Amino acid sequence: MTPTITAFERSPDRGKGQARDMRVHWALEEVGQPYDVRLVSFDDMKEPAHRALHPFGQIPTYEEGNLALFESGAIVFHIAERNSSLLPNDANARARAITWMFAALNTVEPPIVDREMATLVERDKTWYEQRLPILEDRVRGRLDELSRRLGDADWLDGAFSAGDLLMVTVLRRLNGSGLLDEYPNLSAYVARGEARPAFKRAFDAQLAVFTAGSLTDKHLP
Ligand code: GTB
């Protein structure tokens, strides 16, 4: 059965692949699973029909037959679980890859999101100039540690896994901040992820949605 995922009808990132549906697109492309995408507006997400799929009224969601999932990490795990190209068969290697999935979402992403949110909603506050360096140093703390662990390896633990897929999407959220540039091995790691054919297909698919929306907008009065 072909799964259906949800994504922004008009992504605020203008097609840069920063929203969390990008990880799901990428995972599906990595395993070669065809899928459909249902585009939703911010209003649609808060409607009962969408909330039945996602209690917090967000994207992404994933529907496959009578299974409905939300949370990008859980969705990527569900996709990866059935395919050894994203999770190794060896039990210990698999457990370590899953550990990296959690580390990406629970340890590395939170300080990155805190910084990003401050730049979006606190920019005009009196404390912003003082708070931003504090938030950036928290991000640097995590990047220092991650950079040290990655060293000159290609991926976090042997072959590319769902742990790398999530980590790369998390680190991409720093694009434009200059922070990742301070860590050449992490910049190269993200570039390696982005060079994967499955990433490119996923990126192009979500960019095409934005481009099509922009063309439509141009014809509005
Ligand atoms: N923990 C959930 C998950 O991992 O799936 C978080 C899901 C989530 O935050 N979804 C966001 C959403 O639906 C989109 S990804 N927001 C709408 C709402 O809450 O009403 C967050 C996001 C949005 C936009 C950008 N951007 O433009 O750069 C980046 C990330």
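This one's a predicted model, so the numbers in the text were calculated from it and none came from an experiment.

## Comments concerning helix α7 (residues 162–172)
Then step 1. For α7, the tally of buried residues reaches eleven of eleven residues, placing the bulk of the element in the interior.
Then step 2. Of the residues making up α7, those classed as buried are Ala-162, Gly-163, Asp-164, Leu-165, Leu-166, Met-167, Val-168, Thr-169, Val-170, Leu-171 and Arg-172.
Then step 3. By the N-cap criterion, in which a side-chain oxygen at the helix start approaches the backbone nitrogen of a residue two or three places on, α7 is capped by Ser-161, the distance to Gly-163 being 2.9 Å.

## Quick word on the domain arrangement of the protein
Then step 1. On domain assignment, one finds that the protein holds domain 1 (4–84 + 198–218) and domain 2 (91–196).
Then step 2. Computed over C-alpha atoms only, the centres of domain 1 and domain 2 are separated by 21 Å.
Then step 3. Counting the contacts that link domain 1 with domain 2 gives three salt bridges.
Then step 4. The residue Glu-109 makes a salt bridge to Arg-20 at a minimum N-O spacing of 3.7 Å.
Then step 5. At the junction of domain 1 with domain 2, the criterion picks out ten residue pairs in polar contact (both at pLDDT 80 or more).
Then step 6. Counting residues per element, the ones that place at least two in the side of domain 1 that touches domain 2 are α1 (21–31), α4 (72–81) and α9 (197–218).

## Notes on the packing of aromatic side chains
Then step 1. Here the structure, examined in full by the defined rule, presents seven aromatic pairs.
Then step 2. Residues Trp-26 and Phe-199 carry aromatic rings whose centres are separated by 5.0 Å and whose planes lie at 85° to one another, so their mutual orientation is edge-to-face. With Trp-26 in helix α1 and Phe-199 in helix α9, this residue pair connects regions lying 173 residues apart in the sequence. Phe-199 carries the same exposure label as Trp-26, and that label is buried.

How each quantity is defined
- Positions within a chain are numbered from 1, following the residues in the order the chain's sequence is written.
- Whole-chain, interface and lining totals are the exception, using all residues; otherwise, since this is a predicted model, local features are given only for residues with pLDDT of at least 70 and side-chain atom pairs are given and counted only at 80 or more.
- By convention in this description, side-chain values take in all heavy atoms of the structure and omit both hydrogens and water.
- Each residue's exposure class comes from its accessible area (1.4 Å probe, protein chains only) as a fraction of the maximum for that residue type: buried when under 20%, exposed when over 50%, partly exposed otherwise.
- Strands are runs of DSSP state E lasting at least two residues, helices are runs of H or I lasting at least four, and both sets are numbered from the N terminus onward.
- Polar contact is defined as a pair of N or O atoms within 3.5 Å, subject to the rule that within protein one atom must be able to donate a hydrogen and the other to accept it, and that residues adjacent in sequence are counted only when both atoms are side-chain atoms.
- Note: domain ranges come from an automatic or database domain assignment.
- The rule for a salt bridge is simple: a side-chain nitrogen of Lys or Arg has to be within 4 Å of a carboxyl oxygen of Asp or Glu.
- Paired rings are identified among Phe, Tyr and Trp, the last through its six-membered ring, by centres lying within 6.5 Å, and are further divided according to the angle between planes into stacked (under 30 degrees), edge-to-face (over 60) and tilted (the rest).

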